[in-house]
Amino acid sequence: MILARFLLLSLFLLLYGPLQAQGSSNNAIQAGSELLRKADTLENQARKLIQQGSKRRKDIKQQRQTVLRLPPGPEKTALEQRLEQAIAESLGTQRDGAELRKQAAALREQALDHFADGLRQQWPAWATKRQSIQLSDGFSDVPALGGHNVRMRSVHPSKKDLAGAPETQQSNDMSLALPRLSAQQLPPQLNTDSFTFSRDRRFIGHIEVLPESVRSDDGRIEINELHQWVLVLSDLNGEPVSDAAIEFTGHMPGHVHGLPTQPEVTEELAPGIYRISGLKFQMRGWWVIELLVSASSDAADQQDSLRFNLHL
Amino acid sequence: MMRWQIKALLMVCLLGACGKPLPPYEHGLTDRDIAFLQTFSIDNLPALPEAPDNIYADNEQAALLGQSLFFDARLSANGLVSCATCHQPEHYFTDGRKRGLGLANTQRNTMSLLTAAWGPWRYWDGRKDSLWAQATEPLEHPDEHGFSRAQLKALILRHYAEPYSAVFGSLSKEAHDATRVMVNVGKALMAYQRRLALQPSKFDRFVAALGQELAPAMSARLTGSELNGLRLFMGKAACASCHNGPLFSNFEFHNIGAPETDEAKVDLGRYAGIEKLRNDEFNCLSVWSDAPESACQELRYLKSQGPELVGAFKTPSLRNVAETSPYMHGGQLASLADVVDHYNAPKPPFYDRAQHPSRPHFDILPLGLSKQEKAELVAFLKTLTSPVPDNDAWWNPR
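Since the model is a prediction, treat every value here as computed from it, not as a measurement. (Residues numbered from 1 in each chain as written. Chains lettered and ligands numbered in written order. Predicted model: local features only at pLDDT ≥ 70, side-chain atom pairs only at ≥ 80, totals over all residues. Heavy atoms only, no water.)

### Some remarks on unusual backbone geometry
All names here are of chain B.
- Cis geometry is found at the peptide bond from Ser-325 to Pro-326, where omega equals -10°.
- Its location among the elements puts Pro-326 in the loop between β2 (313-314) and α13 (336-344).
- Even without being a glycine, Phe-251 presents a positive backbone phi close to 60°.
- Within the secondary structure, Phe-251 is located in the loop between α10 (224-234) and β1 (253-254).
- We note that Asn-320 has phi near 65°; this positive angle belongs to a residue other than glycine.
- Tracing the chain through its elements places Asn-320 in the loop between β2 and α13.
- Take Asn-320: its relative accessible area is 1%, and that puts it in the buried class. (Helix = DSSP H or I, 4+ residues; strand = E, 2+ residues; numbered from the N terminus. Buried < 20%, exposed > 50% of the residue type's maximum accessible area, 1.4 Å probe, protein only.)

### Quick notes on the confidence of the model for chain B
- For chain B, per-residue confidence averages 92 on the pLDDT scale, and 95% of positions sit at 70 or higher.
- Note on residues 12-17 of chain B: pLDDT under 50 across the span, and four contacts to partners over four residues away in sequence or across chains. (pLDDT = per-residue confidence, 0-100. Contact = heavy atoms within 4.5 Å.)

### Quick look at the sheet that holds strand β9 (residues 286-294) of chain A
All names here are of chain A.
- If you walk across this open sheet you meet the three strands as β6-β9-β10, and the pairing is antiparallel. Strands with a single pairing partner mark the edges of an open sheet, and in this sheet they are β6 (245-251) and β10 (304-311). Put simply, the sheet's adjacent strands are angled 20° from each other on average, direction ignored.
- Relative to β9, β6 is paired through seven bridges, and the arrangement is antiparallel. Within β9, the position partnered with Ala-245 by the bridge is Ser-294. (Pairing = 2+ DSSP bridges. Axes fitted to C-alpha atoms, helices over the stretch in contact; angles between N-to-C directions.)

### Regarding the pattern of salt bridges
- With the rule as written, the count across this model stands at 34 salt bridges over all chains.
- Arg101(A) is the salt-bridge partner of Glu43(A), the closest N and O atoms lying 3.1 Å from each other. Here Arg101(A) lies in helix α3 (residues 74-122) and Glu43(A) lies in helix α2 (residues 27-69), a separation of 58 residues in the sequence.
- The partner of Arg108(B) in a salt bridge is Asp267(B), with the nearest N and O atoms 2.7 Å apart. One end of the pair, Arg108(B), is in the loop between α4 (83-86) and α5 (131-140); the other, Asp267(B), is in the loop between β1 and α11 (270-278), and 159 residues separate them in sequence.
- Here the salt bridges share partners, and the residues they tie into one network are Arg108(B), Asp125(B), Arg127(B), Glu137(B) and Asp267(B). (Salt bridge = Lys/Arg side-chain N within 4 Å of Asp/Glu carboxyl O.)

### Considerations on the nonpolar core
Residues and elements named next belong to chain B.
- Of all hydrophobic cores here, the largest spans 51 residues; its most connected members are Leu-69, Phe-70, Phe-93, Leu-152, Ile-156, Val-185 and Leu-196.
- Every element with two or more residues in this core is listed here: α3 (60-70), α4, α5, α6 (149-159), α7 (161-168) and α8 (178-193).
- The element that contributes the greatest number of residues to this core is α8, accounting for nine residues.
- Aside from chain neighbours lying at most four places away, what touches Phe-93 is Phe-70, Cys-86, His-87, Gln-88, Thr-110, Met-111, Ser-112, Leu-113, Leu-114, Tyr-192, Leu-196 and Trp-395.
- Core analysis: the second largest hydrophobic core is formed by 42 residues, Tyr-25, Val-207, Val-321 and Leu-369 among them. (Core = buried A, V, L, I, M, F, W, Y, C linked by side-chain atoms within 4.5 Å.)

### Details of a positive patch on the surface
Residue and element names in this part refer to chain A.
- Side chains of Arg-57, Lys-58, Lys-61 and Arg-64 sit close together on the surface and give a patch of like positive charge.
- Checked against the element boundaries, Arg-57 lands in helix α2.
- Given a relative accessible area of 35%, Arg-57 falls into the partly exposed group. (Patch = residues over 30% accessible without salt bridge, like charges linked within 9 Å, V, L, I, M, F, W, Y side chains within 5 Å. Areas by Shrake-Rupley, 256 points an atom, 1.4 Å probe, with all protein chains shown as cover. Lys, Arg positive; Asp, Glu negative; His and termini not counted. Charge placed at Lys NZ, Arg CZ, Asp CG, Glu CD.)

### Observations regarding the state of the cysteines
Residues and elements named next belong to chain B.
- Applying the stated criterion across every chain yields a total of one disulfide over all chains.
- Covalently, Cys-284 is tied to Cys-296 through a disulfide, its sulfur atoms 2.1 Å apart. Every disulfide takes its handedness from the sign of the S-S torsion; for Cys-284 and Cys-296 that torsion is -80°, giving left-handed. Placement of Cys-284 in the loop between α11 and α12 (297-300) and of Cys-296 in the loop between α11 and α12 is noted, with a sequence separation of twelve residues between them.
- We note that Cys-239 lacks a disulfide partner, and the nearest cysteine sulfur, in Cys-242, lies 9.6 Å from it.
- For Cys-242, a relative accessible area of 14% translates into the label buried. (Disulfide = S-S within 2.5 Å.)

Take a look at the structure:
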């Protein structure tokens, strides 16, 4: 009897131990946090430099007006030379700012890698994939598959050429020319990461198909079929964000239409793990999913946002 | 490319016709093209969707009863209108008319039933969410069968008591009031329609042969212009965006700017359909449905807002499209050539501030197809016609 209880307890600990440990951030998340802090510091410096540069440019513009009004002479020449120098300096400042900003972005990407690793360690059942949602037919990676595309709600007969015509693009191993997004180009390297920082960098979110909601074994979805996702929502310390209010929207850039259904968060499966139900895609192409998130402690009007790109 | 030719030759040898290989045939499609085309093949049509709202959906007795009822014109006020009046098997269960004609002219073009078992919505505006619920509407509609529930129950008692009771239980039971009888008639009609199967079309046989790395039989070879049409369909003409999957439909709603049938009384399409669906006496969440609430997912996550719903109509399947003219929700376009012309140079949807809740969304772009390309596209669409089966007992009255 005692042995049985002991076994049960061990089993319990074995199963729930990792869940208990979820609260404490793991090394990867710590590393991610550090990188993100560094990135933010760099970003701030970059912003300052860019602002400085812009201010200098404004001053220079004014000074140039003054110089222009001066009669020709040594004073004008000297001032002109000084202006040239100032222009070069301001350009340098802006370049430095841009460079820092690039470094910050790279650091953020690295940070996201660490966070993704950390969250996958922390929630191995819910966070397994790095690639966002794909179709089961195996053609999600074909860049040429775009879908129809319009950039305006309706085209007045006199302006119909504004809409342009759909373009087609061939893929290396396909001879079929498939429609390409014409009005709103699919970016050449669309980021389809299933992990993302929120806009205000308060959260990190991950989306994944709930495997039991689809027909395929590998968690890929069928076109035109309802299915469910899980959203893993964590703060930047790796703590799950519970009881969040989440609004779900999705649209196709360049199309005026959105999703054919109104998906909703229907359940919090575990702390910070949300079930999203009622998802369906009626078209291939580039989809943007936006989740508007308010933590339970947030003010009524405070809303952060998680954006994911899908290329179906 | 040689591999299928050799295999084909071997097959031909096995069939005892060695020495007479098929003439060479260049289609120019890569393996990946073929794999992509297979996503449109009838061979990849998933099994009939589950129907938790109709426990008789796959009951053969119910289907047989449904078949009898389908062709029975006594189910109408004047004894002349049956389901088959508009859904004629020889016309792929359509009627060749702009708008259906029962006791009077209906508002919309008759849709084919051959693919009706798939997809979540019925009717052009999706105002019904099951085939059984759909079947009840024409029975009672004054322009269609013009029958009443009481008349229907009396008719079932008189002519169908036995097969009805065998499936649904004794009619004398109190539970079988007139509405219950009509619902059960609807469920039998649905069970019948789920038996209507399509044979492979030329396109399907073409893709199947290529998929098995066989040279397609002569009758399954797409001609040059059909092949070009296929390429246009998947590519430049962007038809496949919405007409996707084995039934060439995404079953959803789009406004493609089809001309209004009556500008004084605009058709709001899906926008109005959603209200009807929600308030429908027979929807998935109704007491007449056999489904638990949890099975009514489409209704639960129904999209009910957005400009894209205004004047939007369901993407029809393109299977047998060449044989089911005229086209669009009101039969506005007479021929496939007219349809392709419309897509090639679409007019934006008619907009009347007084009648529309918001400016209708417009879902298509001018295509810039040449005269030849338009003809090729039509040629391809004609390869989607399945033969009318001559030995399928479900296609005609027994």
